[in-house]
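So the chains spell out like this:
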Amino acid sequence: MAKIRTLAPPKHTVTRSLAAVAGGREVPDAVLSNAQVLDVNARQVHAERELWVTAGRIARICRSGTATSAFGKGGPSVYDCQGALLAPGLCDPHMHVESSKVTVHNYAETALLNGTTTVFADSHEIANVLGIEGIRMMIADGMAAPLNFYATVPSTVPATAPETETAGADLTPEVIGLLMDEFPEVILALGEAMNYPAILAGDARQHGILAEALKRGLAISGHVYGRENVPPYAASGVGDTHEAIDGEIAADLVRAGMWVFLRSGPPGSAWDSLPEAIKAITQHGLSDRLFCLCTDDRSPNHLLSFGMDYAVFEAVSEGLDPLAAWTMGSLHPALRYGVEEELGSLGLSRQADIVLLDIQAGEFQARSRKDLSRASFRPVAVWLAGEQVVEEGQPTERLKRRLDRCRADVKTYYPSAAFQTVNIPEATPPLLPPMPKAGRYRVNVLRILPPGILTGHEALELEIEEGQPFEELLRHHDLTAIASLERHHKTGRVGHGVVKGFGIKEGAIASSIAHDAHNLLVIGDNEADMKRATEEVRRQQGGICVFSRGQLLAQVVLPVAGLMCTQSVAETAARMDTIAGAMRSLGCSISFMEFSLLALAVIPELRVTDRGLISTTQAPKIIPLFEPAS
């Protein structure tokens, strides 16, 4: 097992104390009594138990009342669980803190309220902006945060190649190896290998990056589409993916020896692939041994409602046994990363990361799940390394003080360079493409496909007249203009495209969040509003804004790498709600999260980057916006 950083004292320094407490020779620091205990190792619930904690670790689980009998009035403080269920803290095996638009320490508060005590974070968003220094910033923040924070070092910076997009950095195999050696107790895997077409084609750079993880014995996380691609992808050493969209490909992945992270999200959203993928277990009869639950991306207004506790609830709602579901959210992620002797269960000597659920054991184990409501999986209390951080579903005063210290120290983790990352010329380049000469043309159109992750490629044939304004073309064919402005090196380069089905009317949206290169993405039906939105994002050095008819409708300022703010999740969520409302008022058909993916040149079928319109059907390549019609 890898030696990892823990919030509790290292195990080798406290074994004598743990043994003495377990043997009744020393008094534990605290006892959680009168509880049911969810044992994910044995897949059982044990009734009338108490759990002894010392040095931030679990020393003993025994019959309720044992501590009082053994130690009397001079014994430890006892927390009465009132017959409710104690479960191990949840572990999120694949997520991106930056998607929440808050810093790690602010993310930690909501994670703990959801019963998530451990995250394995892929920081490829900030890496695409600030490179190795950005990853160091996130790790510094994560190590200060009240959370078990582990990193999977980004594998695709840039996500494709300099010919198809411009990122703010270049993480070569050598740089990735350097990071792995610099933080061996925090970096436990290589982050999602998204450029799967390059891996399948035998690209030397991509396989060199895989090699850096393999020769250090680290896990490799993945991202792949297409059942035909599973064998060569798995054969390349990639060990998991969160992109299984149905039971068939999930079954293929498991049979190839890969872990499947069932991605849960708001129902009906592009991130909610669990209901289909879980059919590999519930309908195809596969063992759940290689399945985990994960969140991947969460906007701040979805963090509290759709955390890992919701993922467990959703898995149960889709027919999974509750014991199996919680195991897939706690023990299995720890097993995936080889840290099960420290995290993921209520085993003895493990770090005391504990969640209290207001549900009785018999109800939890019931085969009939009609009485298992969403509230059944909401944590009442949470302990992190033996310290209570949540009580009655709210942060404790101790947790609040720690978060306040982190917020006060934010510029310790993120120095001034992190606040100056939107580098575009003050004179905004043209945001609409030049019209070709008069004639008949084929226009390559990016078509929105609900729920919004995948896009289509539609060919529109039309006659262009001499001097015809581009905005007239948009109106006549119900299209929207989209542009990606290179924002890292101040080149002034702009890539253009047109979109069908986005729905915006008399307005524009601009954002410094545009996965994964995070150039400045702007979309609208008129250049005046597009220009105003772009200039506002540049002025604020990062953020999202919505304009209509020259008026600012909504704005979120994101000064940290143009990706995150320094406010709490609640404050950020309220601002993002105004963005969502403004987008709806303009008729937008997809949410901001899906909009930010329109630049991600590894997802089929068309995308727009600063280099132009990109076809991603096979290897990403630039295609013209206008082609002479044959």
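Residues numbered from 1 in each chain as written. Predicted model: local features only at pLDDT ≥ 70, side-chain atom pairs only at ≥ 80, totals over all residues. Heavy atoms only, no water.

A.B. asks: How should the overall build of the protein be read in this particular structure?
C.D. replies: Helix and strand content of the protein: 22 helices and 29 strands. Taking 25 Å as the expected radius of gyration for a compact globule of 630 residues, we find that the protein reaches 25 Å, a close match to that expectation. C-alpha atoms of the protein, sized along the principal axes, occupy 95 × 50 × 50 Å. Counting only residues that meet the buried cut, the protein has 63% of its 630 residues in that class. Contacts spanning at least 24 positions in sequence make up 71% of the contacts within the protein whose residues lie at least 6 apart. Of the roughly 22,100 Å² that the protein leaves accessible, carbon and sulfur atoms contribute 49%. When the 56 basic and 74 acidic side-chain charges of the protein are each reduced to a single mean position, those positions are 3 Å apart. (Helix = DSSP H or I, 4+ residues; strand = E, 2+ residues; numbered from the N terminus. Rg over C-alpha atoms; globule rule 2.2 N^0.38 Å. Buried < 20%, exposed > 50% of the residue type's maximum accessible area, 1.4 Å probe, protein only. Contact = heavy atoms within 4.5 Å. Areas by Shrake-Rupley, 256 points an atom, 1.4 Å probe, with all protein chains shown as cover. Lys, Arg positive; Asp, Glu negative; His and termini not counted. Charge placed at Lys NZ, Arg CZ, Asp CG, Glu CD.)

A.B. asks: I keep staring at the nonpolar core and nothing clicks. Help me out?
C.D. replies: For soluble globular proteins, nonpolar side chains are generally found buried alongside one another. Trp326, Tyr414, Phe502 and Ile509 are the most contacted members of the largest nonpolar core, which totals 198 residues. Residue contributions to this core peak at eight residues, all from helix α4 (residues 124–144). (Core = buried A, V, L, I, M, F, W, Y, C linked by side-chain atoms within 4.5 Å.)

A.B. asks: It is not clear to me how the layout of surface pockets should be interpreted in this structure. Could you clarify?
C.D. replies: The gaps of empty space that remain are located by a probe, the size of a water molecule, rolled over the atoms. Quantified by volume, the largest pocket comes out at close to 410 Å³. Around the largest pocket, the lining is made up of 24 residues, and of these His302, Ser591, Phe592, Met593 and Glu594 lie nearest the centre. Among the elements that make up the lining of the largest pocket, the one with the highest residue count is helix α21 (residues 569–585) (five residues). In terms of residue class, the lining of the largest pocket is made up of twelve nonpolar, seven polar and five charged. (1 Å grid on protein atoms, 1.4 Å probe; cavity = no way out; pocket = protein on both sides within 12 Å on 5 of 7 lines; lining within 4 Å. Points joined across faces, edges and corners; volume = space filled by probe spheres on them. Nonpolar A, V, L, I, M, F, W, Y, C, P; charged D, E, K, R; others polar.)

A.B. asks: Sorry, what's going on with the pairing of strand β6 (residues 90–95) here?
C.D. replies: Strand residues, when the strand is regular, have side chains that alternate between the two faces of the sheet. In terms of residue burial, β6 counts as a mostly covered element, since six of its six residues are buried. As paired elements, β6 and strand β7 (residues 116–122) share four bridges and run parallel to each other. Looking at β7, one finds that Leu90 is bridged to Thr116. Note that the unit made of β6, helix α3 (residues 104–113) and β7 has a crossover that is right-handed. (Pairing = 2+ DSSP bridges. Right-handed = clockwise from strand over helix to strand, strands pointing away.)

A.B. asks: Got a minute to help me understand the environment of Leu171 in this structure?
C.D. replies: With respect to the helices, strands and loops of the structure, Leu171 is situated in the loop between β8 (148–153) and α5 (173–182). The buried category is assigned to Leu171, whose relative accessible area is 2%. Taking the C-alpha atoms as reference, Leu171 lies 7.4 Å from Thr156; in sequence the two are 15 residues apart. Ignoring anything within four residues of it in the chain, the contact list for Leu171 reads Ala127, Gly131, Ile132, Ile135, Pro154, Val157, Ile176, Arg205 and Ile209.

A.B. asks: I'm lost on the environment of Val78 in this one. Help?
C.D. replies: Secondary-structure assignment places Val78 in strand β4 (residues 77–80). In sequence terms Val78 and Ala30 are 48 residues apart; their C-alpha atoms lie 6.1 Å from each other. Setting aside chain neighbours within four positions, we find Val78 in contact with Val31 and Ser33.

A.B. asks: What is the right way to read the sheet that holds strand β28 (residues 621–623) from this model?
C.D. replies: Paired through their backbone hydrogen bonds, the strands of a sheet run either parallel or antiparallel. Spatially, β26-β27-β28 is the arrangement adopted by the three strands of the open sheet, whose pairing is antiparallel. Each edge of the open sheet carries a strand with a single partner, namely β26 (606–609) and β28. Shown here is a sheet whose adjacent strand axes are inclined to one another by a mean of 45°, direction ignored. Pairing of strand β27 (residues 612–615) with β28 involves three bridges; the strand directions are antiparallel. Within β28, the residue paired with Leu613 across the bridge is Ile623. (Axes fitted to C-alpha atoms, helices over the stretch in contact; angles between N-to-C directions.)

A.B. asks: Teacher, can you tell me more about α5 here?
C.D. replies: An α-helical turn contains 3.6 residues, so any two residues separated by three or four positions project in the same direction. Residues Pro173, Ile176, Gly177, Leu179 and Met180 constitute the buried set of α5. Angular distribution of buried residues about the axis of α5 spans 160°; they occupy a single face of the element. Where α5 is buried, its residues meet α4, β8, β9 (187–193) and α7 (204–214). (Arc of directions from axis to C-beta.)

A.B. asks: Help me out: how do you make sense of the side chain of Asp122 in this one?
C.D. replies: Looking at where Asp122 falls in the secondary structure, it is placed in strand β7. There is a polar contact of 3.0 Å between the side chain of Asp122 and the backbone nitrogen of Glu192. Discounting residues that sit within four places of it in the chain, Asp122 has contacts with His94, Met95, His96, Glu98, Thr152, Pro154, Gly191 and Glu192. (Polar contact = N/O pair within 3.5 Å; in protein donor to acceptor, adjacent residues only side chain to side chain.)

A.B. asks: Mind showing me how you'd approach empty space enclosed by the protein here?
C.D. replies: Here the structure, examined in full by the defined rule, presents five cavities of 30 Å³ or more. Every residue lining the largest cavity is counted, 18 residues in all, and those nearest its centre are Glu243, Asp296, Asp297, Leu597 and Leu600. Tallied by class, the residues present in the lining of the largest cavity amount to six nonpolar, five polar and seven charged. Volume-wise, the second largest cavity comes out at about 90 Å³.

A.B. asks: Teacher, can you tell me more about the side chain of Ser33 here?
C.D. replies: Structurally, Ser33 can be placed in strand β1 (residues 30–39). In this structure Ser33 comes out as buried when scored by relative accessible area, which is 8%. Among the polar contacts made by the side chain of Ser33, one reaches the side chain of Glu50 at a distance of 2.9 Å.

A.B. asks: What should I look at first to understand the pattern of salt bridges in this one?
C.D. replies: Oppositely charged side chains are able to pair whenever their charged atoms sit close together. Counted by the stated rule, this structure contains 31 salt bridges. With its nearest N and O atoms 2.8 Å apart, the salt bridge here joins Glu342 to Arg57. On the criterion of sequence distance, the pair formed by Glu342 in the loop between α15 (331–336) and β14 (354–357) and Arg57 in strand β3 (residues 57–63) is long-range, its members being 285 residues apart. Judged by relative accessible area, which is 8%, Glu342 ranks as buried. (Salt bridge = Lys/Arg side-chain N within 4 Å of Asp/Glu carboxyl O.)

A.B. asks: Would you take a moment to explain the packing of helix α13 (residues 308–317) against helix α14 (residues 322–329) for this structure?
C.D. replies: Pairs of packed helices are described in terms of their axes, by the angle between the two and the distance that separates them. At a closest axis distance of 9 Å, the pairing of α13 and α14 adopts a crossing angle of 145°. Considering how the two elements wind past one another, α13 and α14 form a crossing that is right-handed. Side by side, α13 and α14 meet where Met308, Val312, Ala315 and Val316 of the first sit next to Pro322, Ala325, Trp326 and Gly329 of the second. Among the residues making up the contact of α13 with α14, the classes are represented as seven nonpolar, one polar and no charged. (Left-handed = near helix turned anticlockwise from the far one by under 90°.)

A.B. asks: Looking at this structure, how should I read the packing of aromatic side chains?
C.D. replies: Centre-to-centre distance and the angle between the planes together describe a pair of aromatic rings. With the rule as written, the count across this model stands at twelve aromatic pairs. Residues Phe120 and Tyr150 carry aromatic rings whose centres are separated by 5.6 Å and whose planes lie at 25° to one another, so their mutual orientation is stacked. With Phe120 in strand β7 and Tyr150 in strand β8, this residue pair connects regions lying 30 residues apart in the sequence. Residue Phe120 is classed as buried on the basis of its relative accessible area of 1%. Judged by relative accessible area, which is 1%, Tyr150 ranks as buried. Pairing Phe120 with Tyr337 gives two aromatic rings, centres 4.2 Å apart and planes at 20°, and the pair type is stacked. With Phe120 in strand β7 and Tyr337 in the loop between α15 and β14, the pair connects residues that are 217 residues apart, well separated along the chain. Here the aromatic cluster, defined as three or more aromatic residues joined through ring pairs, consists of Phe306, Tyr310, Phe313 and Phe377. A cation sits over an aromatic face here: Arg60 above Trp52, 4.9 Å from the ring centre. (Phe/Tyr/Trp six-rings, centres within 6.5 Å; stacked < 30°, edge-to-face > 60°. Lys NZ or Arg CZ within 6 Å of the ring centre and 35° of its normal.)

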